[in-house]
Amino acid sequence: MSPTVILLLVISVAVLLLGGYLWRITSSRSIFLNTMFGSTCMLLAAYHAANHQKMEWAIMLPFFTTMLFGGRAMGTWWRSRKDADMVLPAQLMTGVAGLSLTATISAYLSL
């Protein structure tokens, strides 16, 4: 296994754990679905990176997760201006977006 595959697998678990905690504190069904989708995307990206076939999927899938959590994080940060309880979920979503962006850049550099 290459370091990129290991990184993608570790980030997949991190997305699952952070998203699970985020779901517990917000009780939002869409957060749960985003977490499952994001973690699955990371696992599929690791599979494509390990096989060295269709490497564009190893880049696109983490990017989808980045955009999904990044867009939601921006909206939550905007909402946290009036509701102070939304700061922690916004920070967690930003963390997940940052991790998945790291996975995207790593997959791109491993081409």
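Residues numbered from 1 in each chain as written. Predicted model: local features only at pLDDT ≥ 70, side-chain atom pairs only at ≥ 80, totals over all residues. Heavy atoms only, no water.

Trainee: Go over the packing of aromatic side chains with me, naming the residues and quoting the values.
Mentor: Summed over all chains, the structure comprises one aromatic pair. With centroids separated by 5.0 Å and ring planes inclined at 45°, the aromatic side chains of Trp23 and Phe32 adopt a geometry described as tilted. Judged by its relative accessible area of 33%, Phe32 falls in the partly exposed class. Its guanidinium or amino end placed over the ring of Trp78, Arg81 lies 3.9 Å from that ring's centre, counting from NZ or CZ. (Phe/Tyr/Trp six-rings, centres within 6.5 Å; stacked < 30°, edge-to-face > 60°. Buried < 20%, exposed > 50% of the residue type's maximum accessible area, 1.4 Å probe, protein only. Lys NZ or Arg CZ within 6 Å of the ring centre and 35° of its normal.)

Trainee: Run through helix α3 (residues 55–79), naming residues and quoting values.
Mentor: Relative to the 36 Å expected for 25 residues at 1.5 Å per residue, α3 spans 37 Å between its end C-alpha atoms, a close match to the ideal helical length. Within the span of α3, buried status applies to Met55, Ala58, Ile59, Leu61, Pro62, Thr65, Thr66, Phe69, Ala73 and Thr76. Each element contacted by the buried residues of α3 is listed here: α1 (3–26), α2 (29–51) and α4 (87–109). (Helix = DSSP H or I, 4+ residues; strand = E, 2+ residues; numbered from the N terminus. Expected span 1.5 Å × (residues − 1). Contact = heavy atoms within 4.5 Å.)

Trainee: Can you tell me about the nonpolar core, naming the residues and giving the values?
Mentor: By size, the foremost hydrophobic cluster in this structure holds 23 residues, and its most contacted members are Leu8, Leu22, Ala49, Phe69 and Met93. Elements represented by at least two residues in this core include exactly α1, α2, α3 and α4. Contacts of Ala49, omitting those with residues within four sequence positions, involve Val5, Leu8, Met55 and Ala58. (Core = buried A, V, L, I, M, F, W, Y, C linked by side-chain atoms within 4.5 Å.)

Trainee: Describe the packing of α1 against α4, and please don't skip the residues or the numbers.
Mentor: A pair of packed helices can be characterised by two numbers: the angle between their axes and the separation between those axes. At their nearest, the axes of α1 and α4 sit 10 Å apart, and the two run at 165° to each other. The angle between α1 and α4 places the two elements in the roughly antiparallel class. Seen along the crossing, α1 lies across α4 with a hand that is left-handed. Facing Thr4, Leu7, Leu8, Ile11, Ala14, Val15, Leu18, Tyr21, Leu22, Ile25 and Thr26 of α1, the residues of α4 in contact are Leu88, Pro89, Leu92, Met93, Val96, Leu99, Ser100, Thr102, Ala103, Ser106 and Ala107. Residues of the contact of α1 with α4, tallied by class, amount to 17 nonpolar, five polar and no charged. (Axes fitted to C-alpha atoms, helices over the stretch in contact; angles between N-to-C directions. Parallel < 35°, antiparallel > 145°, perpendicular 65-115°, else oblique. Left-handed = near helix turned anticlockwise from the far one by under 90°. Nonpolar A, V, L, I, M, F, W, Y, C, P; charged D, E, K, R; others polar.)

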